[in-house]
Amino acid sequence: GWSQVVLQSIFLLLPSWFRFWQCVRRYRDTKQRFPHLVNAGKYASTLLVAVTNALRRAKNFDYHQHKLENPFLYLWILMSLFSSTYKMIWDLKMDWGFFDKNAGENRFLREQIVYPRKIYYYISIVLNVILRYVWIINVFIHFNSLFGEFSDIIGFSFALIEIFRRFIWNYFRLENEHLTNCGQFRAVRDISIRPTPKLIKNSRTTQQTEEDEQLTTNGIPLTIINDSQHSSRLTRRKTNAEEFIEEINPILTINKNENYSFDDQIDSMA
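Reading the values: the criteria
- Residues numbered from 1 in each chain as written.
- Predicted model: local features only at pLDDT ≥ 70, side-chain atom pairs only at ≥ 80, totals over all residues.
- Heavy atoms only, no water.
- pLDDT = per-residue confidence, 0-100.
- Helix = DSSP H or I, 4+ residues; strand = E, 2+ residues; numbered from the N terminus.
- Contact = heavy atoms within 4.5 Å.
- Salt bridge = Lys/Arg side-chain N within 4 Å of Asp/Glu carboxyl O.
- Buried < 20%, exposed > 50% of the residue type's maximum accessible area, 1.4 Å probe, protein only.
- Phe/Tyr/Trp six-rings, centres within 6.5 Å; stacked < 30°, edge-to-face > 60°.
- Lys NZ or Arg CZ within 6 Å of the ring centre and 35° of its normal.

Some points on the confidence of the model for the chain
- Of all residues in the chain, 64% attain a pLDDT of 70 or more, and the chain-wide mean is 78.
- Taken element by element, the predicted model of the chain shows its lowest mean pLDDT in strand E2 (residues 220-226) (43) and its highest in helix H4 (residues 119-132) (97).
- When the criterion is pLDDT under 50, residues 213-235 qualifies, and its contacts beyond four places in sequence or with other chains add up to 30 contacts.
- Low pLDDT (under 50) marks residues 265-270, which in the prediction has zero contacts with non-local residues, meaning those over four places away or in another chain.

Right, dumping it as structure tokens:
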């Protein structure tokens, strides 16, 4: 009934709804129409697919004997084709960075790639295109009442297929982000962990300076004090424990002397 269709449609709408407004928010913060508003358009197309699909399913009760006369059927197919094509182009061009004009030897890919064999990329492209249009099976199910009994199982199978597609998508999306900073989440494009010769030289100079300024012997720091003849001599710096003992020694000595005088008085009285 209508209640079941509405409830399911709401759950289908929510993820794209949140992502749509996230893209709008990024546009408001950066004032960059591309890619944020274009990305928002992708999620808007998903919202339209969910709405037209809900209307198609709800109207199926009225056109049960004449399914071809359901006007929302053709609207749903049109919006689904548009949305799938939109998403597929965004996947390959924006998320994965493929079909770069400066790809060079990496034909149809990008200038830099991480994985050693190009065949991985080409297979992933083909799989992504196929899995983006796998929903077309739903069109044939719409006209076949036999498969309508298994609509829940088929819907669950489509969800598993989408998880698999997204699993593959993640690898190349993260690779593209690491290589090109396409999402602009880093202040710099390249983050190198390999030390450069200049960095090594500066590190050695700093280390030598620190060794000249402060030496240690058995964990006790030594300070360098230059005398009047500019000769260096080493003196041991007192530790915190030694300074504490020096401060408390006079107090202990006074208390000890007072105890001795008190004992002498007792002895004399005895």
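Now that the structure has been shown, we can carry on.
So, the pattern of salt bridges
- Going through the model one piece at a time under the given rule, you end up with eight salt bridges.
- The partner of Asp-29 in a salt bridge is Arg-28, and the shortest N-O contact between them spans 3.9 Å.
- The closest approach of N and O atoms between Asp-91 and Arg-132, which form a salt bridge, is 2.9 Å. With Asp-91 in helix H3 (residues 71-95) and Arg-132 in helix H4, the pair connects residues that are 41 residues apart, well separated along the chain. The same class applies to Asp-91 as to Arg-132, namely buried.

Observations concerning the packing of aromatic side chains
- Within this structure, the stated rule accounts for 13 aromatic pairs.
- Each ring, one from Tyr-115 and one from Tyr-121, has its centre 5.9 Å from the other, and the planes form 55 degrees; the classification is tilted.
- Residue Tyr-115 is classed as partly exposed on the basis of its relative accessible area, which comes to 27%.
- Judged by relative accessible area, Tyr-121 falls into the buried class, the value being 0%.
- Ring geometry for Phe-167 and Tyr-171: centres 5.3 Å apart, planes at 80 degrees, overall edge-to-face. Note that Phe-167 and Tyr-171 are positioned in helix H7 (residues 151-180) at a spacing of four residues, about one turn of the helix.
- For Phe-167, a relative accessible area of 47% puts it in the partly exposed group.
- Exposure remark for Tyr-171: the relative accessible area of 43% places this residue in the partly exposed category.
- Members of the aromatic cluster, each reached through a chain of ring pairs, are Trp-96, Phe-98, Tyr-115, Tyr-121 and Phe-172.
- In this structure, Arg-166 is placed above the aromatic ring of Trp-169, and the distance from its NZ or CZ to the ring centre is 4.6 Å.

As for the environment of Leu-73
- Tracing the chain through its elements places Leu-73 in helix H3.
- Spatially, the C-alpha atom of Leu-73 lies 7.7 Å from that of Asn-53, the residues being 20 residues apart in sequence.

A closer look at unusual backbone geometry
- Phe-34 connects to Pro-35 through a cis peptide bond whose omega is 10 degrees.
- Within the element layout of this structure, Pro-35 appears in helix H2 (residues 33-59).
- With a phi angle near 60 degrees, Lys-31 is a residue other than glycine that sits in the positive phi range.
- Relative to the elements of secondary structure, Lys-31 occurs in the loop between helix H1 (2-30) and H2.
- Lys-31 gets classed as exposed once you look at its relative accessible area, which sits at 62%.
- A positive phi angle is found at Phe-99, which is not glycine, with a value near 60 degrees.
- Among the secondary structure elements, Phe-99 is positioned in the loop between H3 and H4.

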